Every structure is written in structure tokens, then in C-alpha cells.
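Each chain, letter by letter, is given below.
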Amino acid sequence: MESKNRTIISVVGKDAVGIIAKVCTYLSDHKANVLDISQTILDGFFTMMMIVDTSAADQSFGDIQKGLSDIGSDIGVDIRCQKEEIFEMMHRI
């Protein structure tokens, strides 16, 4: 799969019921497919990383970024989205 349609989503914040459900429901509603997901709770803090295919999404990347950021604000977590190629360039050694 081409990386230009893959997005890295990170979610960090105080643990609460429904974080995964809200993020995944939003993505599903906008035709973005979750390819991989990892989450953990550390001393009451929730962290999640996702790789998402946005090739069939019905919204632009910017709209998805804004929508997820708004959800994060509503539920008290920080949600960030980056295109995979940008994420990889930022984390090269």
C-alpha cells in the first residue's frame, strides 16, 4: 500500500471510558480504515497509536485532522494526525 494514503494517529491523555470507540467510530463514519492499533494504559494515562488508510476517506486529510482534534478536546485527550511520510521523516536518525 502506498504510504501517501496512510496516516499516523496518536492519542494521549487521562484514561476514560470510550476513547477508542469515539476515535474508531469517527474514522469508520468517514470511510478511513484502521490498519493497525496499539494502546496501553500507564498509571491512569491512556496512549494509543494507529495506522489508518485514508485512501477511501470522504473527507480531506485536514478535515480528518480537525475532526479528531475536536473529538480529543471534547473527551479530554490530545489527538494528533500526521501523514506517514512526514512521521517517518521526523523520526529518522
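This text goes with the structure placed above it.
Residues numbered from 1 in each chain as written. Predicted model: local features only at pLDDT ≥ 70, side-chain atom pairs only at ≥ 80, totals over all residues. Heavy atoms only, no water.

Undergrad: Sorry, what's going on with the overall build of the chain here?
TA: When helices and strands are counted, the chain shows 3 helices and 4 strands. Its helices and strands taken in sequence order, the chain reads β-α-β-β-α-β-α from the N to the C terminus. Accessible surface for the chain amounts to roughly 5800 Å². Of this, 53% is attributable to carbon and sulfur atoms. (Helix = DSSP H or I, 4+ residues; strand = E, 2+ residues; numbered from the N terminus. Areas by Shrake-Rupley, 256 points an atom, 1.4 Å probe, with all protein chains shown as cover.)

Undergrad: For this particular structure, what's the right way to read helix α2 (residues 61-75)?
TA: A turn of α-helix holds 3.6 residues, and therefore any two residues three or four places apart point the same way. Helix length check: α2 (15 residues) gives 21 Å between terminal C-alpha atoms against 21 Å at 1.5 Å per residue, within 8%. Burial in α2 covers these residues: I64, G67, L68, I71 and G72. Each buried residue of α2 sits inside an arc of 140° when the element is viewed along its axis, so together they form one side. When the buried face of α2 is taken as reference, the exposed residues oriented beyond 90 degrees from it are K66 and S73. Looking at the buried positions of α2, the neighbouring elements they touch are β1 (6-14), α1 (19-29) and β4 (77-83). The first or second residue beyond α2 is G76, which carries a positive phi of 80°. (Expected span 1.5 Å × (residues − 1). Buried < 20%, exposed > 50% of the residue type's maximum accessible area, 1.4 Å probe, protein only. Arc of directions from axis to C-beta. Contact = heavy atoms within 4.5 Å.)

Undergrad: In this structure, what is going on with the pattern of salt bridges? I would like to understand it.
TA: Close approach of charged atoms lets side chains of opposite charge pair. Evaluation of the coordinates by the stated rule reveals 2 salt bridges. Linking D78 and R80 is a salt bridge whose minimum nitrogen-to-oxygen distance equals 2.7 Å. What makes R80 exposed here is its relative accessible area of 53%. (Salt bridge = Lys/Arg side-chain N within 4 Å of Asp/Glu carboxyl O.)

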